[in-house]
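# Structure at a glance
As a plain string of letters, each chain reads:
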Amino acid sequence: MNEIIRLLNDKNAHLEKFLNFNEVELMNFFDGHFDNLDHFYQAREVILNIISRIDELVEEAQDLQEDNVQITDQQKREILQALEKKNNLVTEILSLDLQILSAIEAEKSRIIKDLSQVKMAKKAMKGYRSKSKSNRLDEEA
């Protein structure tokens, strides 16, 4: 049972890393720095893979645990504390993810707006160019 408790605490430690990483990157996004977006997603994926592997190890440890093993009150408290901490971390992570998605969507909308304005400016420039050519032809004639 101690192995399971150790794994649950290890999982929480990785969830905290994930949360901290998200907090730092969210601040970068709010500052308009999206240069590390690919690295951000890759690092998140690595941490999630580690957490997934820890979940597999917990399941394996549970399978190896004998059915008649007595769990002490202290172990029950530690397990419940670890599970409560995990739930709190996951809730915070989900909240941050919503903010991250919002920041990315806002930047994406800004970029689309900028591209649209550039496209309109190019169109206006083409119209201006074609008018000036026809004026020159009229003057030459």
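Structural data are supplied above this passage.
Please read all numbers here as calculations on a predicted model, not as lab measurements. Counting from 1, residues in each chain are numbered in the order their sequence is written. Reporting of local features is limited, given that this is a predicted model, to residues whose pLDDT is at least 70; pairs of side-chain atoms are given and counted only at 80 or more, and all residues count toward the totals for whole chains, interfaces and linings. The basis for every side-chain value is the complete set of heavy atoms in the structure, and neither hydrogens nor water enter the calculation.

### A closer look at the overall build of the chain
- Each helix is a run of DSSP H or I of at least 4 residues and each strand a run of E of at least 2, with the numbering of both proceeding from the N terminus. Each helix and strand counted, the chain has three helices and zero strands in total.
- Each helix and strand of the chain, ordered N terminal to C terminal, gives the series α-α-α.
- For the exposure calls, accessible area comes from a 1.4 Å probe over protein chains only, and a residue counts as buried if that area is under 20% of its type's maximum, exposed if over 50%, partly exposed in between. Taking all 141 residues of the chain together, the buried fraction comes to 25%.
- A separation threshold of at least 6 residues defines the contact pool for the chain, and within that pool the share at least 24 residues apart is 87%.
- Only the protein chains shown count as covering a residue, and every accessible area follows the Shrake-Rupley method with a 1.4 Å probe. Total accessible area on the chain stands at roughly 10,600 Å², and carbon and sulfur atoms take up 54% of it. Any two residues whose heavy atoms approach within 4.5 Å at even a single point are treated as in contact.

### Some points on the nonpolar core
- One finds Leu15, Leu19, Leu26, Phe29, Ile93, Ile100 and Ile104 to be the most contacted residues of the largest nonpolar core, which totals 15 residues.
- Elements that contribute at least two residues to this core include exactly helix H1 (2-30), helix H2 (37-64) and helix H3 (73-140).
- The element contributing the most residues to this core is H3, with six residues.
- One finds Ile5, Leu8, Ala61 and Ala82 within the second-largest nonpolar core, a separate group that totals 10 residues. Throughout, nonpolar core names a set of buried Ala, Val, Leu, Ile, Met, Phe, Trp, Tyr and Cys residues whose side chains join them through atoms within 4.5 Å.

### Section: the pattern of salt bridges
- Salt bridges, as used here, are contacts in which a Lys or Arg side-chain nitrogen is within 4 Å of a carboxyl oxygen on Asp or Glu. Under the definition given, this model contains nine salt bridges.
- Taking the shortest distance from any N to any O, the salt bridge between Glu3 and Arg6 comes out at 2.7 Å. With Glu3 and Arg6 both in helix H1, this residue pair falls three residues apart, about one helical turn.
- A salt bridge links Asp97 to Arg44; the shortest N-O distance between them is 2.8 Å. Here Asp97 is found in helix H3, whereas its partner Arg44 is found in helix H2, with 53 residues between them in sequence. Arg44 shares its class with Asp97; the two are buried.

### A look at H1
- For a helix, the expected span equals 1.5 Å multiplied by the number of residues minus one. Here H1 contains 29 residues, and its C-alpha end-to-end distance of 42 Å stays within 8% of the 42 Å for a straight helix at 1.5 Å per residue.
- Just downstream of H1 lies Gly32, where phi reads positive at about 85°.

### Quick word on the packing of aromatic side chains
- Pairs were defined over the aromatic rings of Phe, Tyr and Trp, the Trp ring being its six-membered one, requiring ring centres within 6.5 Å. Orientation was assigned from the angle between planes: stacked under 30 degrees, edge-to-face over 60, tilted for the rest. Counted under the stated rule, the structure contains four aromatic pairs.
- Ring geometry for Phe21 versus Phe40: centroids 5.5 Å apart, planes at 25°, classification stacked. Here Phe40 lies in helix H2 and Phe21 lies in helix H1, a separation of 19 residues in the sequence.

### Structural notes on the side chain of Arg44
- For Arg44, a relative accessible area of 13% gives the class buried.
- Contacts described as polar in this section are N or O atom pairs within 3.5 Å, which, within protein, must combine one atom able to donate a hydrogen with one able to accept it, while residues neighboring in sequence count only if both atoms come from side chains. A polar atom in the side chain of Arg44 sits 2.8 Å from the side chain of Asp97.
- Among all residues touching Arg44, those that are not within four sequence positions of it are Phe18, Phe21, Asn22, Asp97 and Ile100.

Read these as geometric descriptors, not functional statements.
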